[in-house]
Amino acid sequence: MHEASKRLAVPLLACIAGSVGSAQAAEIVAERIATEHLELRLERLAEGFEHPWSVAMLPDGRFLVSERPGRLALVDEDGSITHLEGLPEISAQIQGGLLDVALHPLYGDGENDWIYFTWSKPDGSQTATALGRARLDDNRLIDLETLFEQEQPADPGRHYGSRLAWLPDGTLLMSIGDRGSPSRAQESRDHAGSILRLTETGGVPEDNPFVGDDETLDEIFTLGNRNAQGLVVTEEGEAWATEHGPLGGDELNRLVGGENYGWPEVSLGLSYGAQQPVGEDSLPGMRDPIHVFEDRFAPSGLAQVSSPMFGEWQGHLLAGGLQSEQLHRLALDGDELVDSEVVLDGQIGRIRDVLQGHDGAIYLINDDPQGSLYRLRPVD
């Protein structure tokens with residue numbers, strides 16, 4: 001669909017030989033950012049992406065950045081950007097487009113070198129959240145496969161969800177938003193408003209919580225999720241999601257298979273028009289959030305810190321925010337939030353995705369018509 005085009009990122013201001021990973025050209029955005037435990041340096045590695053949505057780091061240190069209008073960018077070590085050929089047809093309207101991108105957990109062994117991605121797939125005048133995979137061959141994608149698409153499409157534009165995260169057993173979690181119709185999140189025969197658990201080829205794991213339940217679709221892992229755009233599986237094997245509320249009421253949830261997370265029957269957010277409470281604060285049989293963010297955080301992107309370079313942050317979560325333009329550090333003890341801190345506050349604008357790279361640094365992208373890829377790491 002898309003022709004490959006190669007362009008250089010806007011010239012960067014400094015070239016820093018990184019102490020982690022490759023010697024990536026970097027513009028220093030903030031020399032020192034003071035936090036409770038660390039001083040951090042914020043650097044821009046590349047810029048000029050159109051509404052970037054997700055970032056993945058290849059084993060050789062290059063990056064894949066999805067752009068919502070329907071492009072997948074390959075970012076080289078010098079900051080140059082190549083747009084890859086071979087994507088499927090994509091409906092890029094409002095919130096829809098090319099969305100998450102993730103590597104197979106065994107990527108690099110030759111056999112499992114699959115790039116997984118989600119997108120809003122056209123279906124007549126409507127669109128469906130879809131999952132596909134392909135292989136990287138120079139400047140194009142090959143062996144493209146569509147693995148899954150939601151059964152009931154909707155009018156284009158709203159609440160696709162679309163985050164991906166791998167569980168330790170090799171199954172894949174995928175979020176799907178309520179597609180702008182809240183009641184769909186409580187419809188157990190509808191993929192909308194749920195977290196799915198799939199095999200690496202898009203099938204149904206035999207031990208999914210609702211397999212054998214004629215009232216619920218086999219792919220569903222959890223119900224009652226409004227629009228989860230942060231998703232991570234921790235080193236301990238636990239799945240966590242950050243989820244958009246309506247007007248406020250943004251949530252951090254620990255995902256447990258078979259549970260119902262309440263939307264729209266339970267929410268601490270307000271309706272957009274009348275600004276009245278939506279649903280109840282809590283209900284029997286529905287799982288309460290671990291944490292509700294203050295004001296309009298608008299979560300997108302979630303990562304766990306496991307890198308030794310971040311010292312006392314190990315095991316903590318980093319949650320990005322769109323409306324808030326903030327990055328939050330969240331320390332948990334079991335299912336209890338025991339400490340939190342605002343790490344970034346407006347320095348890069350609307351934070352769309354957060355990733356810990358295999359080099360130990362934290363990478364972020366911002367949602368902007370001319371978005372950028374950033375690196376966050378402790379000051380040497």
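Residues numbered from 1 in each chain as written. Predicted model: local features only at pLDDT ≥ 70, side-chain atom pairs only at ≥ 80, totals over all residues. Heavy atoms only, no water.

Moving on, we get to the pattern of salt bridges. Taken as a whole and assessed by the stated rule, the structure comprises 27 salt bridges. A salt bridge links Arg44 to Glu27, with the nearest nitrogen and oxygen atoms 2.9 Å apart. Of this pair, Arg44 sits in strand S3 (residues 39-49) while Glu27 sits in strand S2 (residues 27-34), and the two are 17 residues apart along the sequence. The same class applies to Arg44 and to Glu27, which are both buried. (Salt bridge = Lys/Arg side-chain N within 4 Å of Asp/Glu carboxyl O. Helix = DSSP H or I, 4+ residues; strand = E, 2+ residues; numbered from the N terminus. Buried < 20%, exposed > 50% of the residue type's maximum accessible area, 1.4 Å probe, protein only.)

This part takes up the sheet that holds strand S11 (residues 140-149). Hydrogen bonds between backbone groups are what pair the strands of a sheet, and the pairing can be parallel or antiparallel. The antiparallel open sheet is built from 4 strands, whose spatial order is S8-S9-S10-S11. Both outer strands of the open sheet, strand S8 (98-103) and S11, are each paired with one neighbouring strand and no more. Ignoring strand direction, the axes of neighbouring strands in this sheet form an average angle of 30°. (Pairing = 2+ DSSP bridges. Axes fitted to C-alpha atoms, helices over the stretch in contact; angles between N-to-C directions.)

This part covers the packing of aromatic side chains. Centre distance and the angle of the planes are the two values used to describe a pair of aromatic rings. Taken as a whole and assessed by the stated rule, the structure comprises 5 aromatic pairs. Here Tyr116 and Trp166 contribute two aromatic rings whose centre-to-centre distance is 5.0 Å and whose plane-to-plane angle is 85°, an arrangement assigned as edge-to-face. In this pair, Tyr116 sits in strand S9 (residues 115-123) while Trp166 sits in strand S12 (residues 164-166), placing the two residues 50 residues apart along the sequence. The pair Tyr116 / Trp166 is uniform in exposure class, with both members buried. Seen in terms of ring centroids, Phe310 and Trp313 are 5.7 Å apart; in terms of plane orientation they differ by 15°. Their pairing is stacked. (Phe/Tyr/Trp six-rings, centres within 6.5 Å; stacked < 30°, edge-to-face > 60°.)

Time to look at the environment of Asn253. Along the chain, the position of Asn253 falls in strand S18 (residues 251-255). When its relative accessible area of 0% is taken as the criterion, Asn253 is described as buried. For the pair formed by Asn253 and Arg287, sequence separation is 34 residues and the distance between their alpha carbons is 8.7 Å. Among residues more than four places away in sequence, those in contact with Asn253 are Ala239, Trp240, Ala241, Glu243, Tyr261, Asp288, Pro289 and Ile290. Looking at Asn253, its side chain comes within polar contact range of the side chain of Glu243, at 3.5 Å. (Contact = heavy atoms within 4.5 Å. Polar contact = N/O pair within 3.5 Å; in protein donor to acceptor, adjacent residues only side chain to side chain.)

For the bond running from Trp263 to Pro264, omega is 0°, close enough to zero to count as cis. Assignment of secondary structure puts Pro264 in the loop between S18 and strand S19 (291-292). A positive phi is found at Arg179, a non-glycine position, where the angle reads about 60°. By secondary structure assignment, the location of Arg179 is in the loop between strand S13 (172-176) and strand S14 (194-198).

Two faces belong to every sheet, and in a regular strand the side chains alternate between them. Burial analysis of strand S26 (residues 371-378) places 8 of its 8 residues in the buried class, the great majority of the element. Side chains of S26 alternate between two faces, with Gly371, Leu373, Arg375 and Arg377 and Ser372, Tyr374, Leu376 and Pro378 buried alike. Pairing analysis gives 8 bridges linking S3 to S26, with the strands arranged antiparallel. Bridge pairing links Arg44 to Tyr374 in S26. Of the pairings in the sheet, the one linking strand S25 (residues 362-366) to S26 comprises 4 bridges and is antiparallel in character.

In this section: the sheet that holds strand S23 (residues 336-345). Reading across from one edge, S20-S21-S22-S23 is the order of the 4 strands in this open sheet, with antiparallel pairing throughout. Edge strands, defined here as strands with exactly one partner in the open sheet, are strand S20 (299-304) and S23. Neighbouring strand axes in the sheet, compared pairwise and without regard to direction, differ in orientation by 20° on average. Bridge analysis of S20 against strand S21 (residues 317-321) gives 4 bridges, and the strand direction is antiparallel. Bridged to Gln304 within S21 is Leu317.

Now for the confidence of the model for the protein chain. On average, residues of the protein chain carry a pLDDT of 93, and 93% of them reach 70 or more. Ranking the elements of the protein chain by mean pLDDT puts strand S1 (residues 6-7) last with 28 and S13 first with 99. Between residues 1-23, whose pLDDT stays under 50, and residues either more than four places distant or in other chains, the model counts 62 contacts. (pLDDT = per-residue confidence, 0-100.)

Here His244 is to be found in the loop between strand S17 (239-243) and S18. A C-alpha to C-alpha distance of 9.9 Å links His244 and Phe293, two positions 49 residues apart in sequence. Once residues lying within four places of it in the same chain are set aside, the contact partners of His244 are Arg226, Asn227, Gln229, Asp250, Ala298, Pro299 and Leu322. Within polar-contact distance, the side chain of His244 engages the side chain of Gln229 at 3.0 Å.

Quick look at the side chain of Gln229 now. Turning to its location among the elements, Gln229 is positioned in strand S16 (residues 228-233). On the accessibility criterion, Gln229 (7% relative accessible area) is buried.

Attention shifts here to the nonpolar core. Core analysis: the largest hydrophobic core is formed by 20 residues, its most contacted members being Leu327, Leu344, Leu364 and Leu376. If near-sequence neighbours (up to four positions away) are discounted, Leu344 is found in contact with Ile33, Leu42, Glu325, Gln326, Leu327, Ile351, Leu364 and Leu376. In terms of nonpolar packing, the next biggest core, distinct from the first, is built from 18 residues, Leu58, Val101, Trp119 and Leu141 among them. (Core = buried A, V, L, I, M, F, W, Y, C linked by side-chain atoms within 4.5 Å.)

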